[in-house]
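What the coordinates show
Each chain is listed here by its residues.
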Amino acid sequence: MASQSSLVLLALASCLLLISTPDHQVQAQKGAPAPEAPGPINLTAILEKGGQFTTLIRLLTATQIGSQITNQLNSSDQGMTLFAPTDNAFNSLKPGTLNGLTTQEQVELVLYHVLPKYYSLVMFQTVSNPVRTQATGQDGGAFGLNFTSAANQVNVSTGMVEVQLNNALRQEFPLAVYEVEKVLLPLDLFGAKPPASPPPPPSSATKKSPPSSAGGPSSSSSAKDDTSSAGRNMGMGFVGVVLMFMGALY
């Protein structure tokens, strides 16, 4: 009996030891590999899985912003948020909209769809507008987005277009990706441009009176004055001669 009791106690002790041993130690004892740490986030793979973001993937690659997002996610503890327009959203733009942009403007357009912080849908209900984007300058005065919410519905507005945030392709920190059915056109790029200032009027040069021609009135007056003066001189000379001749006679 004592021997059987010892065997029972030994079996119970072994069971308690297995229960209290952590899973990774049990797996190590069994020779099973430990679970691997999650790898870097692959933004392209997330969009490809969505199946309707070909144009956005092309823009992210051409502008190298996709690589910038990956690098920033690995070096920042703030996370990031991306608004992903569908192919239908890009196709709804006026023909030539993208091709009409310079390389710098294309970069600004893509960066306008990226927030330098992680936002869940609930967080958008309490943000302070306008929200900075990756295209916003240091002064924060341009390329902002405005968010409104009602009944758990969140809308994003650029001042030119407004669209609802619906499907979340990913919503786990540090990256949130939200599908949008319109391209977010920034007012700073696509808004009405102020009219160009008219060129300054030419400076008015001082008008000079044209020189008098040889046959003009001034020349005629001068010639007449000269003739009269010569006549007077000749008359005075003739009178003088007469007076001298008369004086000689007396």
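Coordinates for the structure precede this section.
Residues numbered from 1 in each chain as written. Predicted model: local features only at pLDDT ≥ 70, side-chain atom pairs only at ≥ 80, totals over all residues. Heavy atoms only, no water.

**Structural notes on the overall build of the protein chain**
Within the protein chain one finds 9 helices and 7 strands. Relative to its 250 residues, the protein chain shows a buried fraction of 30%. Excluding contacts between residues fewer than 6 apart, the proportion of contacts in the protein chain whose partners are at least 24 apart in sequence is 62%. For the protein chain, the exposed area adds up to about 17100 Å²; of that, 58% sits on carbon and sulfur atoms. (Helix = DSSP H or I, 4+ residues; strand = E, 2+ residues; numbered from the N terminus. Buried < 20%, exposed > 50% of the residue type's maximum accessible area, 1.4 Å probe, protein only. Contact = heavy atoms within 4.5 Å. Areas by Shrake-Rupley, 256 points an atom, 1.4 Å probe, with all protein chains shown as cover.)

**Here's the deal with unusual backbone geometry**
Looking along the chain, the bond that leaves N129 and enters P130 is cis, with omega of -10 degrees. Mapped onto the secondary structure, P130 falls in the loop between β2 (114–115) and β3 (146–150). Of note, Q64 is a non-glycine position whose phi angle comes to about 65 degrees, a positive value. Structurally, Q64 is set in the loop between α4 (54–62) and α5 (65–75). Residue Q64 is classed as exposed on the basis of its relative accessible area of 54%. Phi is positive for N152, which is not a glycine, with a value near 65 degrees. Summarising the element assignment, N152 is placed in the loop between β3 and β4 (153–157). Classification of N152 by relative accessible area gives exposed; the value is 72%.

**Remarks on the sheet that holds strand β6 (residues 168–170)**
Strand order in the open sheet formed by 4 strands is β2-β1-β7-β6, with mixed pairing between adjacent strands. At either margin of the open sheet sits one strand with a lone partner, and together these are β2 and β6. Here strand β1 (residues 80–85) pairs with β2 via 2 bridges, running antiparallel. Across the sheet, T81 pairs through a bridge with L115, a residue of β2. Sitting on the sheet, helix α3 (residues 43–50) touches β1, β6 and β7 (175–180), and the angle it makes with β7 is about 35 degrees. (Pairing = 2+ DSSP bridges. Axes fitted to C-alpha atoms, helices over the stretch in contact; angles between N-to-C directions.)

**A closer look at the environment of M160**
Structurally, M160 is set in the loop between β4 and β5 (162–164). Residue classification places M160 among the partly exposed residues on the basis of a relative accessible area of 39%. Separated by 27 residues in sequence, M160 and L187 have C-alpha atoms that sit 6.1 Å apart. Apart from residues no more than four positions distant in its own chain, M160 is found in contact with L185, P186, L187, F190 and G191.

**Details of the packing of aromatic side chains**
Going through the model one piece at a time under the given rule, you end up with 8 aromatic pairs. On the basis of an interplanar angle of 70 degrees and a centroid distance of 6.0 Å, the ring pair of Y112 and F143 is categorised as edge-to-face. Highlighted residues: Y112 in the loop between α7 (103–111) and β2 and F143 in the loop between β2 and β3, separated in sequence by 31 residues. By relative accessible area, Y112 is classed as buried at 1%. Taken together, the aromatic side chains of F83, Y119, F124, F147 and Y178 make up a single cluster linked through ring pairs. (Phe/Tyr/Trp six-rings, centres within 6.5 Å; stacked < 30°, edge-to-face > 60°.)

**Remarks on α3**
Listing the buried residues of α3 in full gives L43, I46 and L47. Down the axis, α3 shows its buried residues gathered within 90 degrees of arc, on one side only. Turned more than 90 degrees away from the buried face of α3, the exposed residues are E48 and K49. Close packing links the buried residues of α3 with α4, α5, β1, β6 and β7. One side-chain oxygen of the residue at the start of α3 lies 3.2 Å from the amide nitrogen of T44, identifying that residue as N42. Directly beyond the C-terminal end of α3, a positive phi value near 85 degrees is found at G51. (Arc of directions from axis to C-beta. Polar contact = N/O pair within 3.5 Å; in protein donor to acceptor, adjacent residues only side chain to side chain.)

**Details of the packing of α3 against α4**
Axis separation between α3 and α4 bottoms out at 9 Å; the angle between their running directions is 165 degrees. Here α3 is positioned roughly antiparallel relative to α4, judged by the angle of their axes. Crossing angle aside, the handedness with which α3 passes α4 is left-handed. Note on element contacts: α4 touches α3 through L56, I57 and L60, opposite L43, T44, L47 and E48. Of the residues assigned to the contact of α3 with α4, the class counts are 5 nonpolar, 1 polar and 1 charged. (Parallel < 35°, antiparallel > 145°, perpendicular 65-115°, else oblique. Left-handed = near helix turned anticlockwise from the far one by under 90°. Nonpolar A, V, L, I, M, F, W, Y, C, P; charged D, E, K, R; others polar.)

**Some remarks on the side chain of D87**
As for its placement among the helices and strands, D87 is situated in helix α6 (residues 87–91). A polar contact is formed between the side chain of D87 and the backbone nitrogen of T55, at a distance of 2.9 Å. Once residues within four sequence positions are removed from consideration, D87 is found in contact with Q52, F53, T54 and T55.

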